[in-house]
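# Summary of structural features
So the chains spell out like this:
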Amino acid sequence: QVRLVESGGGLVQSGGSLRLSCAASGFTFSSYAMSWYRQAPGKERELVAAITSTGGTTNYAEFVKGRFTISRDNAKGTVYLQMNSLEAEDTAVYYCNVNIAWGTYWGQGTPVTVSS
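This structure is a prediction, so every number in the text was calculated from the model and none was measured.

A separate point is the environment of W36. Mapped onto the elements, W36 comes out in strand β4 (residues 34–39). Judged by its relative accessible area of 0%, W36 is buried. Expressed as a C-alpha distance, the spacing of W36 and V64, which sit 28 residues apart in the sequence, is 12 Å. Of note is the side chain of W36, whose polar atom sits 3.4 Å from the backbone oxygen of Y80.

Quick look at the structure:
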């Protein structure tokens with residue numbers, strides 16, 4: 001029943017911006033922290049950003065700090081990742097994640113390609 005659906009990825013030029021969305025259902029969204037991960041070709045999946053259940057606290061990987069912003073709208077059951085000043089190194093498939101007591105769930109991912 002847990003379902004995470006990412007959207008908003010695409011092709012953008014270096015220095016550009018994208019906003020990713022993750023629509024969640026099948027669990028009490030407002031009770032759980034959410035996170036974004038990414039995986040580039042040939043590389044391990046890595047944490048990009050995380051946000052607490054209320055949205056009061058956020059954490060970012062050093063390589064995106066100051067450029068990306070994670071946020072959430074609990075009324076809509078959606079978590080966002082605003083990505084600014086994109087670089088070629090940001091090219092990856094971006095995944096929404098929730099770690100629930102009984103399991104970890106992932107969306108199918110949305111690809112982001114940054115051209116130079």
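After that view of the structure, there is still more to cover.
A few words on the packing of aromatic side chains. Tallied over the entire structure, the rule returns five aromatic pairs. Seen from their ring centres, Y32 and W102 are 6.4 Å apart, and the 80° between their planes marks the pair as edge-to-face. Separated by 70 residues along the polypeptide, Y32 in the loop between β3 (18–25) and β4 and W102 in the loop between β9 (92–100) and β10 (103–106) bring together distant segments of the chain. Note on W102: relative accessible area 56%, which makes it exposed.

Even without being a glycine, S85 presents a positive backbone phi close to 50°. Considering the arrangement of structural elements, one finds S85 in the loop between β8 (78–83) and β9.

What follows concerns the pattern of salt bridges. Considering all chains together, one arrives at four salt bridges under this definition. For R38, the salt bridge identified is with D90, shortest N-O distance 2.9 Å. Residue R38 is found in strand β4, and its partner D90 is found in the loop between β8 and β9; the two are separated by 52 residues along the sequence.

Across the sheet, four strands lie side by side as β1-β3-β8-β7; this open sheet has antiparallel pairing. Both edges of this open sheet fall to β1 (3–7) and β7 (68–73), since each of them pairs with a single strand only. Going from strand to strand, the sheet's axes swing by 15° on average, the running direction of each strand aside. Here six bridges tie β3 to β8, and the two strands are oriented antiparallel to one another. Counterpart to R19 in the pairing with β8 is Q82.

On to the environment of D73. By the element assignment, D73 lies in strand β7. For the pair D73 and S53, spaced 20 residues apart in sequence, the C-alpha separation works out to 10 Å. Apart from residues lying up to four places away in sequence, D73 is in contact with F29, T78 and Y80. At 3.1 Å, the side chain of D73 and the backbone nitrogen of A75 are in polar contact.

About the criteria used
Residues numbered from 1 in each chain as written. Predicted model: local features only at pLDDT ≥ 70, side-chain atom pairs only at ≥ 80, totals over all residues. Heavy atoms only, no water. Helix = DSSP H or I, 4+ residues; strand = E, 2+ residues; numbered from the N terminus. Buried < 20%, exposed > 50% of the residue type's maximum accessible area, 1.4 Å probe, protein only. Polar contact = N/O pair within 3.5 Å; in protein donor to acceptor, adjacent residues only side chain to side chain. Phe/Tyr/Trp six-rings, centres within 6.5 Å; stacked < 30°, edge-to-face > 60°. Salt bridge = Lys/Arg side-chain N within 4 Å of Asp/Glu carboxyl O. Pairing = 2+ DSSP bridges. Axes fitted to C-alpha atoms, helices over the stretch in contact; angles between N-to-C directions. Contact = heavy atoms within 4.5 Å.

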